[in-house]
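So the chains spell out like this:
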Amino acid sequence: MPEKMVSAQIDVFRHDSAAGGAPRYQRFTLELPPHTPVLTALLRIRAEQDPSLTLRYSCRSAICGSCAMQINSKSRLACQTPIGPEIAEHGRIVIEPMRNQGGVRDLVVDQTSFWEAYDRMRPHLITDPLRPMPEGRETSMTPAQVEQFRETPRCIACAACYSACPAVEADASFPGPMALAKLYRFVVDPRDQARQDRLLRIQTEGLWLCLRCHLCTEACPKDVRPSERIRDLKEMAIAAQGGTERGSRHAIGFKQNIRERGQLNEMKLVLQTDGILGAVGQAGQGFKIWRKKPEISKKPRRIEGIEEVERIYEELDPKPKGDR
Amino acid sequence: MGAGLAGQRAALAAVEARRDVAIISKLHPLRSHSGAAQGGINAAVGKEDSVDTHIYDTVKGSDYLGDQDAIEFFCREAGPTVVEMEHYGTIFSRAEDGSLARRPFGGQGFPRTIYAADRTGLALLQALWERLGTEHFTLYQEWDLTNIVVREGRVQGIVAFDRRTGQFEGIAAKSVIVATGPAGRIYGRTTNAHTCTGDGVAAAYDAGALLKDLEFVQFHPTALLESGILITEGARGEGGILKNVLGERFMGKYAPHVLDLASRDVVSRAIVTEVREGRGFPGDFVHLELMHLGKERIETRLQEICDFCRNFAGVDPVVSPIPIFPAQHYMMGGVGTNIRGETNIAGLYAAGEAACVSIHGANRLGGNSLLETLVFGKQAGLAAAAHAASASAPELNDSDVADAEAPVRRMMSRTDGEDPQAIRTAMQQTMDRYVGIYRTEADLLEGLRQIRAIQKRFEQVRVVDRSNVYNLNLTDALETGHMLELAEVIVVGAFARTESRGAHSRVDYPSRDDAHWMRHTLARKTPEGPNLTYAPVGYTRWEPKERVY
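This is a predicted model, so every value here is computed, not measured.

Draft legend 1. Geometry of the overall build of chain B. Along the backbone of chain B there are 16 helices and 21 strands. Against the 2.2 N^0.38 benchmark of 24 Å for 549 residues, chain B shows a C-alpha radius of gyration of 22 Å, consistent with a compact globule. The buried share of chain B, taken over its 549 residues, is 66%. Taking as baseline every contact in chain B between residues at least 6 positions apart, the subset at least 24 positions apart corresponds to 74%. Total accessible area on chain B stands at roughly 18100 Å², and carbon and sulfur atoms take up 50% of it.

Set out below in structure tokens:
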């Protein structure tokens, strides 16, 4: 049975960085079945209307990671996004290059910073010559140990997460979700001998810059869930090293505050995060807040029902490791 | 040239031999098509399995066109190769006892396919790139190859251009390794990525290399209907079954012993026969059923397949059958090499799907191609490194670059002429129609006539995009030219081979003819088209027998 066609209005970002000139949006109209992937539509445009339309693509089956782009303002793989729902929701399809990476031409971006962040994670097994791999046979690893990688082996390095990440946008030193998910993959690998060193280093190399917005997990076409793995890295870093960094001290203090009183003691949290000298440095900021919200200077009471909070803590974390 | 598994493994071997190595690829290495391989990698490593059985299965699978000496070497290297990749960091699926998990694959007497869920290629590609990343080499990323320069009977280097600038450059080299993968996009209906266009194989052919057995084209039995996206043989390895419109498990008629796990050529022909005889579903397809395996097994062992079916075919394999039909999948042929990756040109090597050793002969077994990329990638890298250690300095001149650039400038300056994509589509339609699973003399003659007419059209190809930055219109043109050369070699070889063997099925010559045709086709480029000669098959101890599954 022939499928009903939809009229797809596709507005594509066009720009050649070498040729200069202002970027523009070019409108293309095609008749296509609604399940057609955006990539197929763009290739139809190249074949039938404008062969100069430029994009990266290869496998068309969501395994090579080439065709990530902004589709109606979301970072997605063009090959895995059908046009029908996009048109139903937005009336048209706006195609733009990924964010957080400089433009080269049309939808092709410069991925240098993305790959450099990946390289900074030392993405390879680091082994100890004193503990060599078993001679002539595989390392033993149980299915339960393989489980520990979670979904990180599925990562196709498409950079959709990197494009969606507001922390990357705010601070170029943040490695981004993909690189951190890759780091997690090595930290949990029983063959890797640099777990402690990796956790120690990442604490000062951007781990705590993650905003926990989970936009990376939403953007990931392979369900790698980078934000959850970043959370795991934070927990492992605290468990291994305790509060060595502002980020980890903040997390520890936050958790303690809530456990003790059911609400934040913001003065104390500043002290816990930044120490006495750091807190003095933030006195001006504190004064400004105090003028608007004088109650922050009071020591907060234990909230009613604090026993319930305690029960939640016991339930989730019966033997606290990192915060004692 | 090429940064998939074969190219990377060759580079690693050459770097470890302390040579100055560059990798050139039109894709970032992690985007290579090796990453799309799903099912697994064969190695007879368990106590119950034996290397001899792996050898025998491969010889039989090849329909006795594989070189037995090469196959023996290949299968013996399998265990160490897989262990090495595990030590490099590959995350394989595991058995409860902590060893590497194995699944049964088609045409093999033992479950010896080691896997990483249904993304084994990706797992290997990641681990190898991570391992290679600890070494020093130069990466030319997103460069398009135009020529391999051969003078005085030996390689002098290559000419290529950087997509980012359009700048042509000569890269002098004592050794060049062709590891650019397949040319599946010669066909319209293919499991291959859009970038599988045989660039290195065509450049080697232009430079005088002999292409071996190109007429042997594997059609994978189970590809999604509309997109041609691959559904791994692992799906049948896990217990998936094929059914026709009558609900019959029809493989019983074609392969009574192993049913759905017969060799790929056998299963593909069975599906086409069912459809031709009216037992396909309306729209010409059959069903692959997984439902009986249960949700958990499907979603853990065949996770990517679930996503493919749900995203690209709108079916959920947990509750519905998957509509499938065969699609072009693999080229058994390629640049002819020996087991060291050496070609007929000094300094020129080939490995992986771009090469033909031959271990796959007339039909490749599932799980042998990933193994091939690693085993022979390493051999080619070692041989290339050894050659480079002793060869004198190569000579690449400005005129080599100018000669390579001139035809490109002509394409870009034409004011009329045809778009390369229209020409590519015409080629694909011809190959799908006339050079598919079942072949006849009349069809092949018509196919050849059409391919030559399309080559004529290509002489007037026009690149309308004049930009020097990431000019995909130009890439389209170069790739189409490469594929048209190889398409001609496929058709000419298929026309000449008047027998049926493995994936090459001549309706007019339905039997295998060992007396005349147990030999390799070698094609050399001449101005009149491919000149064919033949070479004997390497034989050790496996007497040709009728191939029954």
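From this point, things continue past the structure.
Draft legend 2. Just the packing of aromatic side chains, in detail. Residues and elements named next belong to chain A. Throughout the structure, instances matching the rule amount to 16 aromatic pairs over all chains. On the basis of an interplanar angle of 80 degrees and a centroid distance of 5.6 Å, the ring pair of Trp115 and Tyr118 is categorised as edge-to-face. With Trp115 and Tyr118 both in helix H3 (residues 112-120) and three residues apart, this pair spans about one turn of that helix. Taking relative accessible area as the criterion, Trp115 reaches 9% and is therefore assigned buried.

Draft legend 3. View of the packing of helix H12 (residues 398-413) of chain B against helix H15 (residues 472-496) of chain B. All names here are of chain B. Between H12 and H15, whose axes approach to 11 Å, the crossing angle comes to 120 degrees. When the interaxial angle is binned, H12 and H15 end up oblique. Here the hand of the crossing between H12 and H15 comes out right-handed. Between H12 and H15, the residues in contact are Val408, Met411 and Met412 and Leu474, Ala477 and Leu478, respectively.

Draft legend 4. Spatial organisation of the interface of chain B and chain A. If you look at the interface, chain B gives 58 residues, while chain A gives 57 residues. Of the roughly 4700 Å² buried between chain B and chain A on both sides combined, carbon and sulfur atoms contribute 51%. Its salt-bridge partner being Asp110 of chain A, residue Arg164 of chain B comes within 3.3 Å of it at the nearest N-O pair. Secondary-structure elements contributing two or more residues to the side of chain B that touches chain A are helix H3 (68-88), helix H4 (120-132), helix H10 (303-313) and H15 of chain B. Element by element, the count of residues in the side of chain B that touches chain A is highest for H10 of chain B, at six residues.

Draft legend 5. Local environment of the nonpolar core. Membership of the largest hydrophobic core comes to 227 residues, with the highest contact counts inside it found for Ile10, Leu42 and Ile95 of chain A together with Ile148 and Met431 of chain B. The contact partners of Ile95 of chain A, leaving out residues within four places of it in the chain, are Ile10, Asp11, Val12, Phe13, Val38, Leu42, Met69, Gln70, Ile71 and Leu107 of chain A. Tyr349, Ala351, Ala383 and Ala384 of chain B belong to the second-largest nonpolar core, a separate cluster that totals nine residues.

Draft legend 6. Expanded view of the pairing of strand S11 (residues 217-224) of chain B. Residue and element names in this part refer to chain B. Counting buried residues in S11 gives eight out of eight residues, a clear majority hidden from the surface. Pairing between S11 and strand S14 (residues 322-331): six bridges, direction antiparallel. Residue pairing for S14: Ala223 is matched across the bridge by Phe325.

Draft legend 7. A look at the pattern of salt bridges. Following the criterion strictly, the structure yields 80 salt bridges over all chains and no others. Among the ionic pairs, Arg44 of chain A bridges to Glu48 of chain A, the shortest N-O distance being 2.8 Å. Of the two residues, Arg44 of chain A and Glu48 of chain A both sit in helix H1 (residues 38-48), four residues apart, roughly one turn of that helix. Linking Arg249 of chain B and Asp260 of chain B is a salt bridge whose minimum nitrogen-to-oxygen distance equals 2.6 Å. Highlighted residues: Arg249 of chain B in the loop between strand S12 (241-243) and helix H7 (251-254) and Asp260 of chain B in the loop between H7 and helix H8 (264-276), separated in sequence by eleven residues. Taking relative accessible area as the criterion, Asp260 of chain B reaches 2% and is therefore assigned buried.

Reading guide: rules and limits
Residues numbered from 1 in each chain as written. Chains lettered and ligands numbered in written order. Predicted model: local features only at pLDDT ≥ 70, side-chain atom pairs only at ≥ 80, totals over all residues. Heavy atoms only, no water. Helix = DSSP H or I, 4+ residues; strand = E, 2+ residues; numbered from the N terminus. Rg over C-alpha atoms; globule rule 2.2 N^0.38 Å. Buried < 20%, exposed > 50% of the residue type's maximum accessible area, 1.4 Å probe, protein only. Contact = heavy atoms within 4.5 Å. Areas by Shrake-Rupley, 256 points an atom, 1.4 Å probe, with all protein chains shown as cover. Phe/Tyr/Trp six-rings, centres within 6.5 Å; stacked < 30°, edge-to-face > 60°. Axes fitted to C-alpha atoms, helices over the stretch in contact; angles between N-to-C directions. Parallel < 35°, antiparallel > 145°, perpendicular 65-115°, else oblique. Left-handed = near helix turned anticlockwise from the far one by under 90°. Buried area = accessible area lost by both parts, 1.4 Å probe. Salt bridge = Lys/Arg side-chain N within 4 Å of Asp/Glu carboxyl O. Core = buried A, V, L, I, M, F, W, Y, C linked by side-chain atoms within 4.5 Å. Pairing = 2+ DSSP bridges.

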